[in-house]
Amino acid sequence: MEILRCYGKTSITNLHIPQPNEASVSSAEPFTKTGKPNFLLPSLTLKINFMQKNYILLAGILAIYSCSNDKSGSNNINKALQDSIQTYLNDYNKKYQQLNTIANETSWLTQTHIVEGDSSNSVANNKAQEALAEFTGSSFNIEKATQYLKQQDNLSQLQGKQLKSILYEAANNPGTLQEVVKARIKAETKQTEDLFGFDFKIDGKSVSTNDIDEILASEKNMAKRQKAWEASKEVGKGLKTGLMNLRDLRNKTVQGLGYKDYFEYQVSEYGMTTQEMIDMLQKFNKELYPLFRELHTYARYELAKKFNVKEVPDLIPAHWLPNRWGQDWSSLIEVKGINLDSALKTKDAEWIVKQGERFYVSLGFPELPKTFWEKSDLYPLPKDAKYKKNNHASAWHMDYDKDVRSLMSVIPNSEWYETSHHELGHIYYYLSYSNPDVPILLREGANRAYHEALGTMMGMAAMQKPFMENLNLIPKGNKSDEMQKLLKEALNYVVFIPFSTGTMSMFEHDFYANNLPSDQLNKRWWELAAQYQGIAPPTTRGEDYCDAATKTHINDDPAQYYDYALSSILLFQLHDHIATTILHQDPHATNYYDNKEVGKFISGIMTPGASKDWREMLKEKTGSDLSAKAMLDYFSPLMDYLKKENENRKYTLPELK
Ligand code: X8Z
Ligand code: ZN
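Residues numbered from 1 in each chain as written. Chains lettered and ligands numbered in written order. Predicted model: local features only at pLDDT ≥ 70, side-chain atom pairs only at ≥ 80, totals over all residues. Heavy atoms only, no water.

A. Geometry of helix α24 (residues 614-622). Those residues of α24 that fall on the buried side of the exposure criterion are Trp614, Met617, Leu618, Lys621 and Thr622. The buried side chains of α24 occupy one side of the element, clustering within an arc of 95° when seen end-on. Those residues of α24 that are buried lie in contact with α17 (448-461), α22 (562-583) and α23 (596-606). Near the N-terminus of α24, the side chain that reaches the backbone nitrogen of arginine 615, with its oxygen 3.0 Å away, is that of aspartate 613. Just beyond α24, the residue with positive phi is glycine 623, at close to 80°. (Buried < 20%, exposed > 50% of the residue type's maximum accessible area, 1.4 Å probe, protein only. Helix = DSSP H or I, 4+ residues; strand = E, 2+ residues; numbered from the N terminus. Arc of directions from axis to C-beta. Contact = heavy atoms within 4.5 Å. Polar contact = N/O pair within 3.5 Å; in protein donor to acceptor, adjacent residues only side chain to side chain.)

Here's what the structure looks like:
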């Protein structure tokens, strides 16, 4: 998805700098081996359609300095070079912002107003995306960024980061592969339309995804559950061909600048190799596995009891679970005394989003701009609407400045309460780094996982007991079972880990890096779901279906789902720091509300955007490297409880070796 696409920018040390033989980029260098400028090389006579005058001016300056060989002369050369780099970056940033703003507007329309048979929005969007791609992938920009990056000694850290970012953008759209890039843009727009224009039906009647989720959350009748689950998977069939085509086009485009495949390309934004990312995901999954194994055993037995099934299945049937992909099982538990869902029944959808804003404002963040409320699309469409919209929540940074919007379908329930806090986390991130110290190109998260983490952390904080008491969402001083509350949280955050590190990330790895063949997509998807999540489909799902493609991100946020896995680990680390160091409260029972120190801490992470290295930022803010320790500590009291509950129960997931 264009807007959700790239939150983070690469750290300076690891980005792949294309070598001349990796693409049909001119190998001409403007500097000779001795460091003297060589003005006769073709790179400076390229047909450039912007900034031309600056380079001619630079040529003049460098020509004068190159006559002098003394020390002060070479210092001056550096100054001139630095200035020219800055001029280039200023111009790039300006143009990048302009083109993105147009492309975001057209993209917004394709996702908020999908009319069957009307291609006007998608045609306009393709044109705008092509213009952006033509600019970011131009040979001119690739050459300039490559050449300037070689001048390491003359670059400020900020300049280096921006140049890396330019190459990263270019690699997705290389001008040398213009036809492939155009085909990919067209296919991406079409895939999004097919996904969100789909008319879900149960017994021939149109239903929304909110309707389906409601059935999976509360329906006791198994046949009805299966129908709803199966209805939710129908959309995948029609997405399979498009997805296969997109895989090839995505791989081909990034191969143009030397990446092995699209997975490697996306991972590189963290400054990591594919292997390093896979190792990190496996490590986190392994660390949380003993707890997940207890939760899985517990859930199998509890679900069988709930649905009156005598024989407890080894793998949990997917349609028994309250989420279409089995990524969040938390609504299995209702905690007496802290039932947020029943409290929200008295509120309307607007209250949910406004309450999110009030929370951020209470920490010292500004009120949302008026345009947020005017231009966002926050609530479900009326039943009789003649068009459809993207049903998955997202946050948009329209102009890389203060035009921020969210696209949601909020109804008053706890899931949308959490999601609203999540989306507002993106929105406040956008607003915070839209300041004069952060160049447009670095208006992203410290990495993509940070962007996902902060809003989810706020959502978690907004569901803790003292917080909800403070808001009068639950009566003050009610007795509640803390272990049940922790169990409910684990069924959300811990259960999410095998889905995000495993099923999703390993599928996308196999899909992009191993070219998974089209007759093995569903087979592999369900193999991974069994292995990582311990779940199985209600009936055999052949290759006519494409169940992976029913997940939004597989289509429009490709090869990036590990962002969410890492964000879960990160958010517990940040929350632990806030609870223990700032609030001096038990991490299980905090109240962030009104605390300006907490606001300062969060804003301190958001404000620099991607101008700081993500690892250094974490060390600076929490004193540690990224680690699952805080998450493990948080849930550790559950282990003994679950072991007791599971005594005499059969475990069907293997014990860790
Ligand atoms: O996709 C999202 C956000 C997008 S900004 C709503 N999330 C993941 C998902 O729904 O699968 C948030 C949690 C995980
Ligand atoms: Zn998000």
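Still to come is the rest of the account.
B. Seen up close, the coordination of the zinc ion (ligand 2). The zinc ion (ligand 2) binds to the protein through His422 (NE2), His426 (NE2) and Glu452 (OE); the donor distances cover 2.1 Å. In this structure, the zinc ion (ligand 2) is surrounded by four donor atoms whose angles at the metal cover 89 to 149°, and the resulting shape is irregular. Read from N- to C-terminus, the donor residues coordinating the zinc ion (ligand 2) fall into the pattern H-x3-H-x25-E. You can see histidine 422 and its partner histidine 426 sitting in helix α16 (residues 414-433), four residues apart, about one turn around the helix. (Donors = N, O, S within 2.8 Å, 3.2 Å for Na, K, Ca; no water. Tetrahedral: all angles 85-135°; square planar, octahedral: opposite > 155°, others 65-115°.)

C. Here's a closer look at the site of ligand 1. Taken together, the neighbourhood of ligand 1 is formed by Gln327, His392, Ala393, His422, Glu423, His426, Phe496, Lys551, His553, Tyr561 and Tyr564. The contact in question runs from an oxygen atom of ligand 1 to an N or O atom on the side chain of tyrosine 561, over 2.5 Å. One of the side-chain nitrogen or oxygen atoms of tyrosine 564 is found 3.2 Å away from an oxygen atom of ligand 1. Contact with the protein chains hides 85% of the accessible area of ligand 1, taken as 370 Å² for the molecule alone. The dominant element in the shell around ligand 1, judged by the number of residues it contributes, is α16, at three residues. (Near = heavy atom within 4 Å. Areas by Shrake-Rupley, 256 points an atom, 1.4 Å probe, with all protein chains shown as cover.)

D. Inspection of the side chain of serine 611 at higher detail. Positionally, serine 611 belongs in the loop between α23 and α24. Only 2.6 Å separates the side chain of serine 611 from the backbone oxygen of proline 608, close enough to count as a polar contact. Apart from residues lying up to four places away in sequence, serine 611 is in contact with Gln157, Leu158, Lys161 and Leu442.

E. Summary view of the layout of surface pockets. Volume-wise, the second largest pocket comes out at about 910 Å³. Mapped onto the lining of the second largest pocket, the elements with two or more residues apiece are α7 (178-196) and α8 (209-218). Take the lining of the second largest pocket: its biggest share by element is five residues, from α7. Residues belonging to the lining of the second largest pocket are distributed by class as follows: 13 nonpolar, 11 polar and 12 charged. (1 Å grid on protein atoms, 1.4 Å probe; cavity = no way out; pocket = protein on both sides within 12 Å on 5 of 7 lines; lining within 4 Å. Points joined across faces, edges and corners; volume = space filled by probe spheres on them. Nonpolar A, V, L, I, M, F, W, Y, C, P; charged D, E, K, R; others polar.)

F. Examining the nonpolar core more closely. Membership of the largest hydrophobic core comes to 181 residues, with the highest contact counts inside it found for Leu163, Tyr417, Tyr592, Ile602 and Phe635. Ranked by residue count, the leading element in this core is helix α19 (residues 482-513), at 15 residues. Those residues in contact with phenylalanine 635 that sit more than four places away from it in its chain are Leu291, Leu486, Glu489, Ala490, Tyr493, Val494 and Phe572. (Core = buried A, V, L, I, M, F, W, Y, C linked by side-chain atoms within 4.5 Å.)

G. A look at the pattern of salt bridges. Enumeration over the complete set of coordinates arrives at 33 salt bridges. Across the pair aspartate 248 and arginine 247 runs a salt bridge, and its minimum N-O distance is 3.1 Å. Of the residues examined, aspartate 248 reaches a relative accessible area of 35% and is grouped as partly exposed. Assessed through its relative accessible area of 4%, arginine 247 is described here as buried. When salt bridges that share partners are traced, they join Asp510, Lys523, Arg524 and Glu527 into one network. (Salt bridge = Lys/Arg side-chain N within 4 Å of Asp/Glu carboxyl O.)

H. Structural view of the packing of α19 against helix α20 (residues 521-533). Contact pair α19 / α20: the axes reach a minimum separation of 9 Å and the direction vectors enclose 150°. What the angle tells us is that α19 and α20 run roughly antiparallel. Two packed elements cross with a definite hand, and for α19 against α20 that hand is right-handed. For the pair formed by α19 and α20, the contact residues are Pro498, Phe499, Gly502, Thr503, Met504, Met506, Phe507, Asp510 and Phe511 on the first element and Leu521, Arg524, Trp525, Leu528, Ala529, Tyr532 and Gln533 on the second. Among the residues making up the contact of α19 with α20, the classes are represented as 11 nonpolar, three polar and two charged. (Axes fitted to C-alpha atoms, helices over the stretch in contact; angles between N-to-C directions. Parallel < 35°, antiparallel > 145°, perpendicular 65-115°, else oblique. Left-handed = near helix turned anticlockwise from the far one by under 90°.)

I. Fine view of the pairing of strand β4 (residues 394-397). Burial along β4 is two-sided: Ser394 and Trp396 facing one way and Ala395 and His397 facing the other are all buried. Of the pairings in the sheet, the one linking β4 to strand β5 (residues 404-407) comprises four bridges and is antiparallel in character. Each residue of the ladder has a partner; that of serine 394, found in β5, is leucine 407. Turn length for the β4-β5 hairpin, with the two strands adjacent in sequence and antiparallel, is six residues, and the turn residue tyrosine 400 shows positive phi of about 55°. (Pairing = 2+ DSSP bridges.)

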